[in-house]
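Notes for the structure review
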Amino acid sequence: MGLSTVEDGFARKHSDTPPRISCFGNKNRLDGSMAIRKLAQGGRPSKGKRHTFLVKPDLERAEKLQDILELLHTNGVDYLTPIIAAHIDSVDLDALRNQEALPIATAG
């Protein structure tokens, strides 16, 4: 691991992630016992099976996203899921599958 440094009076390991971004953590995740209690209480109905994707925006966009989430008092999943869903729904798969090769790809 990296060497320790002192930042804001605290020792921490060297990291590529600035301290502001490292707060993305799992604060909205349920641990095992919390999940069991939530199921016992009923909770909201399932939205069905889901798949998780990892995205890595550049730091400037990640900081802007964090600001947006804080201002809207929401989390990344609730904010980004409908945006991604709308974009995916707008893609014409048939046109994408039948797209001709670009001229530079066929030259050779």
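Scroll up for the structure.
Residues numbered from 1 in each chain as written. Predicted model: local features only at pLDDT ≥ 70, side-chain atom pairs only at ≥ 80, totals over all residues. Heavy atoms only, no water.

With that settled, consider the overall build of the protein chain. Scanning the protein chain from terminus to terminus reveals five helices and two strands. In sequence order, the secondary structure elements of the protein chain are arranged as β-β-α-α-α-α-α. Considering only contacts within the protein chain whose residues lie at least 6 apart along the sequence, 38% involve residues at least 24 apart. Summed over all atoms, the accessible surface of the protein chain reaches about 10,200 Å², with 58% contributed by carbon and sulfur. (Helix = DSSP H or I, 4+ residues; strand = E, 2+ residues; numbered from the N terminus. Contact = heavy atoms within 4.5 Å. Areas by Shrake-Rupley, 256 points an atom, 1.4 Å probe, with all protein chains shown as cover.)

On to the environment of Leu-80, then. Considering the arrangement of structural elements, one finds Leu-80 in helix H3 (residues 76-90). Leu-80 gets classed as partly exposed once you look at its relative accessible area, which sits at 29%. For Leu-80 and Leu-65, which are 15 residues apart along the polypeptide, the C-alpha to C-alpha distance reads 9.7 Å. (Buried < 20%, exposed > 50% of the residue type's maximum accessible area, 1.4 Å probe, protein only.)

Here we take up H3. With 15 residues, H3 should reach 21 Å at 1.5 Å per residue; the first-to-last C-alpha distance of 21 Å fits that figure. Of the residues flanking the start of H3, the one acting as N-cap is Asn-75, its side-chain oxygen 3.0 Å from the backbone nitrogen of Val-77. (Expected span 1.5 Å × (residues − 1). Polar contact = N/O pair within 3.5 Å; in protein donor to acceptor, adjacent residues only side chain to side chain.)

This next bit is on a nonpolar patch on the surface. A contiguous nonpolar patch, built from Ile-83, Ile-84 and Ile-88 and spanning about 280 Å² of accessible area, is present on the exposed surface. In this structure, Ile-83 sits in helix H3. (Patch = residues over 30% accessible without salt bridge, like charges linked within 9 Å, V, L, I, M, F, W, Y side chains within 5 Å. Salt bridge = Lys/Arg side-chain N within 4 Å of Asp/Glu carboxyl O.)

Turning next to the pattern of salt bridges. This structure, assessed with the given rule, holds one salt bridge. Between Arg-61 and Asp-58 there is a salt bridge whose closest N-O contact spans 2.6 Å. A relative accessible area of 36% means that Asp-58 is categorised as partly exposed.

Bringing the packing of helix H2 (residues 59-72) against H3 into the picture now. The interhelical angle for the contact between H2 and H3, taken along N-to-C directions, is 110°, at an axis separation of 10 Å. Viewed along their axes, H2 and H3 adopt a mutual orientation that is roughly perpendicular. Between H2 and H3, the residues in contact are Leu-65, Ile-68, Leu-69 and Leu-72 and Gly-76, Tyr-79 and Leu-80, respectively. Residues belonging to the contact of H2 with H3 are distributed by class as follows: six nonpolar, one polar and no charged. (Axes fitted to C-alpha atoms, helices over the stretch in contact; angles between N-to-C directions. Parallel < 35°, antiparallel > 145°, perpendicular 65-115°, else oblique. Nonpolar A, V, L, I, M, F, W, Y, C, P; charged D, E, K, R; others polar.)

With that settled, the discussion passes to H2. For H2, built from 14 residues, the straight-helix expectation of 20 Å at 1.5 Å per residue is met to within 8% by its first-to-last C-alpha distance of 20 Å. Of the residues making up H2, those classed as buried are Ala-62, Leu-65, Gln-66 and Leu-69. Looking down the long axis of H2, one finds its buried residues gathered within 100° of arc, a one-sided arrangement. More than 90 degrees from the buried face of H2, the exposed residues found are Glu-60, Lys-64 and Leu-71. Residues of H2 that are buried in the fold lie against H3. Structurally, the start of H2 carries an N-cap: the backbone nitrogen of Glu-60 is 3.2 Å from a side-chain oxygen of Asp-58. Downstream of H2 by a residue or two, His-73 has a phi angle that is positive, lying close to 55°. (Arc of directions from axis to C-beta.)

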